[in-house]
Amino acid sequence: MLTERIYYVTNEIKRQLSLDFELVEEKGWYLLYKRNFDKSYWRLDKPEKYQTQYFLKLNTLDNWAKFDAKDLQVNLLKKERGRNEIGICIWENCLTNSLNGLIYCEKHAYEEMGIRA
Ligand SMILES: [Zn+2]
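Residues numbered from 1 in each chain as written. Predicted model: local features only at pLDDT ≥ 70, side-chain atom pairs only at ≥ 80, totals over all residues.

**Student:** Is there a simple way to think about the overall build of the protein chain in this case?
**Tutor:** In terms of regular secondary structure, the protein chain is built from 3 helices and 7 strands. Put simply, the protein chain runs from its N terminus to its C terminus through helices and strands in the order β-α-β-β-β-β-α-β-β-α. With the C-alpha coordinates of the protein chain rotated into their principal frame, the extents come out at 45 × 25 × 25 Å. Relative to its 117 residues, the protein chain shows a buried fraction of 18%. Long-range pairs, those at least 24 residues apart, make up 27% of the contacts in the protein chain with a sequence separation of at least 6. (Helix = DSSP H or I, 4+ residues; strand = E, 2+ residues; numbered from the N terminus. Buried ≥ 20, exposed ≤ 12 C-beta atoms within 10 Å, placed from the backbone. Contact = placed C-beta atoms within 7 Å.)

In structure tokens form, the structure reads like this:
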């Protein structure tokens, strides 16, 4: 079941895509899919060798190829890694707990270090 708004593209996501989605449109770096189950629209990043690929649910089709997914991606990074209970982000003046396996919080890992997963 796809209950989240955003996913990393895994084999399971690819399997879901082939089972329950149809390709509607292609624009720039993205592919627009419609889910047969509930008629919702989803955006898939085109595969890029060195880029993390995301699959996300759209709330609207307005400017769908321009939708800024940054907040969703930062949240996904936090959710996947989890916050470290003891560690604090080493970025200056940041008091947020770091993520597991990192010395940065999700915001600084994403924005300053370019970490996506
Ligand atoms: Zn931080």
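**Student:** Help me out: how do you make sense of the sheet that holds strand β1 (residues 6-8) in this one?
**Tutor:** By way of backbone hydrogen bonds, the strands of a sheet pair with one another, either parallel or antiparallel. Ordered by their spatial adjacency, 5 strands build an open sheet running β1-β5-β4-β3-β2, and the pairing between neighbours is antiparallel. In this open sheet, the two strands that pair with only one neighbour each are β1 and β2 (21-27). Shown here is a sheet whose adjacent strand axes are inclined to one another by a mean of 25°, direction ignored. Strand direction decides the pairing type here: strand β3 (residues 30-35) and strand β4 (residues 41-45), joined by 5 bridges, are antiparallel. Residue pairing in the sheet places K34 in a bridge with Y41 of β4. (Pairing = 2+ DSSP bridges. Axes fitted to C-alpha atoms, helices over the stretch in contact; angles between N-to-C directions.)

**Student:** I tried to follow the pairing of strand β5 (residues 54-58) on my own but got confused; where do I start?
**Tutor:** The side chains of a regular strand alternate, residue by residue, between the two faces of the sheet. Where β1 and β5 come together, 3 bridges link them in antiparallel fashion. In the sheet register, Y7 faces β5, and the bridge partner there is F55. For β4 and β5, the ladder comprises 4 bridges, and the chain directions are antiparallel. Its bridge partner lying in β5, Y41 is registered against L58.

**Student:** For this particular structure, what's the right way to read helix α2 (residues 70-81)?
**Tutor:** For an α-helix, 3.6 residues make a turn, and residues three or four places apart therefore share a direction. Taking 1.5 Å as the rise per residue, α2 with 12 residues should run 16 Å; its terminal C-alpha atoms sit 17 Å apart, in good agreement. Once α2 finishes, G82 follows within two positions and takes phi at roughly 80°, a positive value. (Expected span 1.5 Å × (residues − 1).)

**Student:** Whenever I open this one, the environment of Q51 confuses me. Can you help?
**Tutor:** Of note, Q51 is situated in the loop between β4 and β5. By C-beta crowding, Q51 is classed as exposed, having 11 other C-beta atoms within 10 Å. Separated by 65 residues in sequence, Q51 and R116 have C-alpha atoms that sit 8.7 Å apart.

**Student:** So what exactly am I meant to see when it comes to the domain arrangement of the protein chain here?
**Tutor:** One frequent convention defines the size of an interface as the accessible area lost when the parts assemble. Splitting the protein chain by domain gives domain 1 (6-64) and domain 2 (71-111). Using C-alpha coordinates to define each centre, domain 1 is positioned 26 Å away from domain 2. (Domains from an automatic or database assignment.)

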